[in-house]
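Residue strings, one per chain:
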Amino acid sequence: MDQAGTQTVGILDPRVEPELESFSYDDQIVRMFTLATLAWGIVAFLAGVLIATLMAYPSLVPDLQAISVGGFEPFAWLPGGPLSFGRLRPLHTNAAIFAFAGNGIFAAIYYSTQRLCKARMFSDLLGRLHFWGWQLIIVSAAVTLPLGMTQGKEYAELEWPIDLLIAIVWVGFFGVNFFMTLARRRERHLYVALWFYIATIVTVALLHVFNNLWVPAGIVHWARTGEAPSPDLFMKSYPVYAGVQDALMQWWYGHNAVAFFLTTPFLGLMYYFLPKAANRPVFSYRLSIIHFWSLVFIYIWAGPHHLHWTALPEWASTLGMIFSVMLWMPSWGGMINGLLTLRGAWHKVATDPVLKFFVVGITFYGMSTFEGPLLSIKAVNSLSHYTDWTIAHVHSGALGWNGFMTFGMIYWLMPRLFQTELYSKKLAALHFWIATIGMVLYVLAIYAAGITQGLMWRAFDATGRLTYPDFVETVTVLIPMYWIRVIGGVLYLSGALIGAWNMYKTWKSRPRSYEVPVHSAPRLSAEPPAYPRAQSRMTNVVGLGHASDKFLQALWHRRLEGMTFKFTVWVIIAVSIGGIIEAIPMFLVRSNVPSIASVQPYTPLELTGRDIYIAEGCYNCHSQMIRPFYWETKRYGEYSKPGEFVYDHPFQWGSRRIGPDLAREGGRKSDIWHWLHFEDPRNVTPNSIMPAYTWLLEDELRFDEIQGRVDAMAMLGVPYGDAVLDGAAPEMAREQAAEIAARLEGQGGPPAADTQRTKAIALIAYMQRLGTDLYREPPVAQDEEVEDAAD
């Protein structure tokens, strides 16, 4: 008996019939991931409802804290910072993507891979390490993100220690376990679901590694001073990329994280579980081949379409748009292949809740993959970008495609994993209808909100003036739509709670001990079989099958499916071509970015203020990118130039505007305005939905740790000069903080002695710097100063 639980029954001899090996499947790991999927899904949806409520009712937390019942304040303990929208929004997205969807795809892969390979997973131990390691990653995210420990990059917020853990778990535990199972399989041909799993594992590994190259500031601080950094500084890191380069790298990662974490594994799920649930063969094997290879080749190119009309060179975003439009074909090919698999089984959809979830999920996949290329077209993007339209698009895919496919799979798995009847089909159907209504309410309301925003931003009156010059006007009009979103989110969450109750009751009726069926199959021969020259029809080894295909027409691919290593190499080549061709310009872009002599590094205090801006999640609401449209330059000022961002590690261009763009914020408002704005935004902007940041007025800066931040940036090539060589960064920061605090006092603010050590002062320094370099005089070089003195 080996570690995978197989037992050799006899000795193989090519001259005799192959003897059988017995084996069993590890379904316990599937149960673990399935339970985690539903549990974390409820957490993700609850976080989503909370932040949706904060959008419609921004003073929720302070109002709860102020409640007093007979002198008792039951909610006074609620923390303001960790419950602010800017910190909770990344928690919600990470929980939905990596906790809910992530655990779901692991359950799907562990269940289907064993049956498609006729082999137990390579190592039970690696499976458990994978499970507990992934839960540790999720818990780490749940702790660090509300505490403001973030890289500030969408879908890649987790800081460097967690990044390292992700790489270990994904590659060392999950990847090794999966590929070693393929190597030990007893079925030669890789079924189509396995193709998508292979693409997922190798591509996510590449994306994660190359997008998460950084310098940890805490380690730099420790190396210079020998002193242990504070937790905030220990977790802090700066990416090796800056500005335009960082933006291109981030959206190469961000778009393809959607492609290879939220699309390809769910397509693998579809190709396995849909035929099983419908008891029908996959519609077309040839279409599966076209769907897979075109998707993995084209998808990787499309990332730059997220950066239309920004400081990214136009040729790069145009290239992204072209390949995004091309994605219509393979995406809809996959949707058609899925829906036509139900030929002859559509009558089952009326009574089977599993098929209901699958049909609506695949339909939303088709809708989302039609809308994505549409939004990549520059004319459409000029209206949609930075609006809630993007949010509606993302949620139609996440809730409709990923959510419904996951719930359909869970309901199909429940009786098989717990070896009992599903507790209630009626509750499963109720879950489906409540979630569907909630999802429709959500996306329709936010589509309306997004289009409203885009049209209001660009509206001019008959005199040529902005119709809505005050940005807050374009926000308050959306509040009714935001409340509809809350209702939709509550309904979707309620559906998940119903599903959890159904699972609990099903689990309660499980047998005292699970049966572990023993299967048998011959060991895979070393040589691939010689195929006949013609064969009218081909069926899959697990009974899923492929209808209406001539075997000879796909013979070349059939042979490739028998060679796991070669197949994986071709997948890596397919996904790498686009990545390499985009990576080469990414590094050449630096030399193509026109330099601006007046652009200088942030001062030590401004750099610290920028870190606070990132920690508070301000990038979730504000952009720092003025596009070259008249309505934007009229509202915000001169459009943004590539050379302005050469010292931005990371870039902060943002992806939505719940608040105004801040690219030219420096000098537009007084220091006291910013102080009052942090204290309560309604003090200076009535009807603002921004939360108060009162803790910034009290929390003190750690000036002694600013040197580590500056040193880390200097290691990335930022020319800090004496601030690094002489260790002068803390003193420089104190001097600038004293100047701002004195100026603030002179404008009617609190005494300088009470404010100059606060985080608010550093954030004010950063806000007053934004966008001002473009209008400054370039610094005089040292040799020119000497010549002037000589004259």
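Rules and cut-offs
All chains use their own residue numbering, which begins from 1 and follows the written sequence. This being a predicted model, a pLDDT of at least 70 is required before a residue's local features are given, and a value of 80 or more before pairs of side-chain atoms are given or counted; all residues contribute to the totals for chains, interfaces and linings. Heavy atoms from the whole structure form the basis of all side-chain values; hydrogens and water molecules are not counted. Secondary structure elements follow DSSP: runs of H or I no shorter than four residues count as helices, runs of E no shorter than two count as strands, and numbering proceeds from the N terminus. Restricting the calculation to C-alpha atoms gives the radius of gyration, and the globule rule supplies 2.2 Å times the number of residues raised to the power 0.38. Two residues form a contact once any of their heavy atoms are found within 4.5 Å. Where accessible areas are quoted, they stem from the Shrake-Rupley method and a 1.4 Å probe; at the residue level, only the protein chains shown are allowed to cover. Residues scored as charged are limited to Lys and Arg (positive) and Asp and Glu (negative), so that His and the chain ends carry no count. The atoms used to mark charge sites are NZ of Lys, CZ of Arg, CG of Asp and CD of Glu. Helix span, as expected, comes to 1.5 Å for every residue beyond the first. Each residue is assigned to one of three classes by its accessible area relative to the maximum for its type, calculated with a 1.4 Å probe on protein chains only: buried under 20%, partly exposed between the two thresholds, exposed over 50%. Counted as salt bridges are all cases of a side-chain nitrogen of Lys or Arg within 4 Å of a carboxyl oxygen of Asp or Glu. Residues belong to a common nonpolar core when they are buried Ala, Val, Leu, Ile, Met, Phe, Trp, Tyr or Cys residues joined through side-chain atoms within 4.5 Å. An automatic or database domain assignment supplies the residue ranges for each domain. Residues qualify for a patch when their relative accessible area is over 30% and they have no salt bridge, like charges being joined within 9 Å and the nonpolar side chains of Val, Leu, Ile, Met, Phe, Trp and Tyr within 5 Å. Counted as a polar contact is a pair of N or O atoms within 3.5 Å, where, for protein atoms, one must be capable of donating a hydrogen and the other of accepting one, and residues adjacent in sequence contribute only when both atoms are in side chains. Put simply, buried area is how much 1.4 Å-probe accessible surface two parts lose in total, over both of them, once they are put together. Polar here means any residue other than Ala, Val, Leu, Ile, Met, Phe, Trp, Tyr, Cys and Pro, which are nonpolar, and Asp, Glu, Lys and Arg, which are charged; Gly is therefore polar. The rule is short: rings of Phe, Tyr and Trp, with Trp giving its six-membered ring, pair when the centres are within 6.5 Å, and they are stacked under 30 degrees, edge-to-face over 60, tilted in between. Axis lines are fitted to C-alpha atoms, over the contacting stretch for helices. Their N-to-C directions set the angle, which ranges from 0 to 180 degrees. Angles are sorted into four bins: roughly parallel if under 35 degrees, roughly antiparallel if over 145, roughly perpendicular if 65 to 115, and oblique for all others. With the far helix as reference, a near helix turned anticlockwise by less than a right angle produces a left-handed crossing, and one turned clockwise produces a right-handed crossing.

### Some remarks on the overall build of the chain
Okay, step 1: A count of helical and extended segments in the chain gives 31 helices and 5 strands.
Okay, step 2: Here the chain has a C-alpha radius of gyration of 28 Å; the compact-globule value for 791 residues is 28 Å, and the two agree.
Okay, step 3: Here the contacts in the chain between residues at least 6 apart in sequence split such that 81% fall between residues at least 24 apart.
Okay, step 4: As displayed, the chain has an accessible area near 31,100 Å², and 64% of this comes from carbon and sulfur atoms.
Okay, step 5: A gap of 17 Å separates the mean positions of the 59 positive and 64 negative side-chain charges of the chain.

### Examining helix 11 (residues 285–298)
Okay, step 1: The terminal C-alpha atoms of helix 11, which comprises 14 residues, lie 20 Å apart, in line with the 20 Å expected from a rise of 1.5 Å per residue.
Okay, step 2: Counted residue by residue, helix 11 has 10 buried out of 14 residues, so it is predominantly covered.
Okay, step 3: By the burial criterion, the buried members of helix 11 are Tyr285, Ser288, Ile289, His291, Phe292, Trp293, Ser294, Leu295, Val296 and Ile298.

### Details of the pattern of salt bridges
It is possible for side chains of opposite charge to pair when their charged atoms get near one another.
Okay, step 1: Evaluated as defined, the whole model comprises 28 salt bridges.
Okay, step 2: Aspartate 388 is paired through a salt bridge with arginine 656; the nearest N and O atoms lie 2.9 Å apart. Placement of the pair is aspartate 388 in helix 17 (residues 388–417) and arginine 656 in the loop between helix 24 (630–636) and helix 25 (671–679), with a sequence separation of 268 residues. No difference in accessibility class separates aspartate 388 from arginine 656, as the two residues are buried.

### Quick word on the nonpolar core
Side chains of a nonpolar character, in soluble globular proteins, are inclined to be buried together.
Okay, step 1: Within the largest apolar cluster, 185 residues are counted, with the highest numbers of intra-cluster contacts made by Phe273 and Trp653.
Okay, step 2: With 18 residues, helix 3 (residues 85–117) is the single largest residue contributor to this core.
Okay, step 3: Counting contributing residues per domain, this core is built from domain 1 (22–508) and domain 2 (604–640 + 658–775), each supplying no fewer than three.
Okay, step 4: Setting aside residues up to four positions removed in sequence, phenylalanine 273 forms contacts with Ala108, Tyr111, Phe358, Met409, Trp412 and Leu413.
Okay, step 5: Core analysis: the next-biggest nonpolar cluster, separate from the first, contains 51 residues, Tyr602, Phe703, Ile740 and Ala760 among them.

### Here we look at a nonpolar patch on the surface
Okay, step 1: On the surface, a cluster of nonpolar side chains totalling about 430 Å² of accessible area is made up of Leu206, Val209, Phe210, Leu213, Val240 and Ile572.
Okay, step 2: The element best represented in the nonpolar patch is helix 6 (residues 192–211), accounting for 3 residues.
Okay, step 3: Looking at the element boundaries, leucine 213 is found in the loop between helix 6 and strand 3 (214–216).
Okay, step 4: A residue is classified by how much of its surface remains accessible, and leucine 213, at 35% relative accessible area, is partly exposed.

### Digging into the side chain of glutamine 135
Okay, step 1: Along the chain, glutamine 135 turns up in helix 4 (residues 124–144).
Okay, step 2: On the accessibility criterion, glutamine 135 (9% relative accessible area) is buried.
Okay, step 3: A polar contact is formed between the side chain of glutamine 135 and the side chain of asparagine 103, at a distance of 2.9 Å.
Okay, step 4: Leaving out residues up to four positions away in the same chain, glutamine 135 has contacts with Phe33, Ala36, Trp40 and Asn103.

### Regarding the domain arrangement of the chain
Okay, step 1: Domain boundaries assigned for the chain yield domain 1 (22–508) and domain 2 (604–640 + 658–775).
Okay, step 2: The distance between the C-alpha centroids of domain 1 and domain 2 comes to 32 Å.
Okay, step 3: Domain 1 puts 51 residues into the contact, and the matching count from domain 2 is 46 residues.
Okay, step 4: Note on domain 1 versus domain 2: buried area summed over both sides is about 4,100 Å², and carbon and sulfur give 64% of it.
Okay, step 5: A per-residue breakdown of the area domain 1 buries against domain 2 is headed by Arg224, Tyr238 and Phe471, which together make up 16% of the total.
Okay, step 6: One can count 3 salt bridges joining domain 1 with domain 2.
Okay, step 7: Put simply, glutamate 616 and arginine 87 hold a salt bridge, and the shortest N to O gap is 2.8 Å.
Okay, step 8: The tally of links between domain 1 and domain 2 comes to 12 residue pairs in polar contact (both at pLDDT 80 or more).
Okay, step 9: Secondary-structure elements contributing two or more residues to the side of domain 1 that touches domain 2 are helix 3, helix 7 (217–225), helix 8 (231–235), strand 4 (237–239), helix 16 (378–384), helix 18 (425–457), helix 19 (473–476) and helix 20 (479–508).
Okay, step 10: Looking at the side of domain 1 that touches domain 2 element by element, the count peaks at 5 residues for helix 3.
Okay, step 11: Split by residue class, the side of domain 1 that touches domain 2 holds 26 nonpolar, 17 polar and 8 charged.

### Observations regarding the packing of aromatic side chains
Okay, step 1: One pass over the structure, following the stated rule, counts 61 aromatic pairs.
Okay, step 2: Taking the centre distance of 6.1 Å and the plane angle of 45° together, the rings of tryptophan 134 and tryptophan 170 count as tilted. You can see tryptophan 134 sitting in helix 4 and its partner tryptophan 170 sitting in helix 5 (residues 160–183), a full 36 residues away along the chain.
Okay, step 3: Note on tryptophan 195 and phenylalanine 567: the rings are 6.1 Å apart at their centroids and 40° apart in plane angle, and the pair reads as tilted.

### Side note on unusual backbone geometry
Okay, step 1: Cis peptide bonds are those with omega within 30 degrees of zero, and the linkage from histidine 649 to proline 650 qualifies with 0°.
Okay, step 2: The topology assignment puts proline 650 in the loop between helix 24 and helix 25.
Okay, step 3: Phi at asparagine 279 is positive, roughly 55°, even though this residue is not glycine.
Okay, step 4: In this structure, asparagine 279 sits in the loop between helix 10 (264–278) and helix 11.
Okay, step 5: Note on asparagine 279: relative accessible area 62%, which makes it exposed.

### A few points about the packing of helix 18 against helix 20
Okay, step 1: It is the contact of helix 18 with helix 20, at a shortest axis distance of 8 Å, that shows an interaxial angle of 160°. Regarding the angle of helix 18 to helix 20, the classification is roughly antiparallel. Along this stretch, helix 18 crosses helix 20, giving a crossing that reads as left-handed.
Okay, step 2: By residue class, the composition of the contact of helix 18 with helix 20 is 22 nonpolar, 9 polar and 1 charged.

### Things to note about helix 10
Okay, step 1: With 15 residues, helix 10 extends 21 Å from end C-alpha to end C-alpha; this agrees with the ideal 21 Å at 1.5 Å per step.
Okay, step 2: Of all the 15 residues making up helix 10, 14 are buried; the element is thus mostly covered by neighbouring parts of the structure.

### Considerations on the environment of alanine 95
Okay, step 1: Within the secondary structure, alanine 95 is located in helix 3.
Okay, step 2: Here the alpha-carbon distance between alanine 95 and glycine 148, two residues 53 residues apart in the chain, equals 16 Å.
Okay, step 3: Ignoring any residue separated from it by four or fewer positions in sequence, one finds alanine 95 in contact with Ala44 and Phe100.

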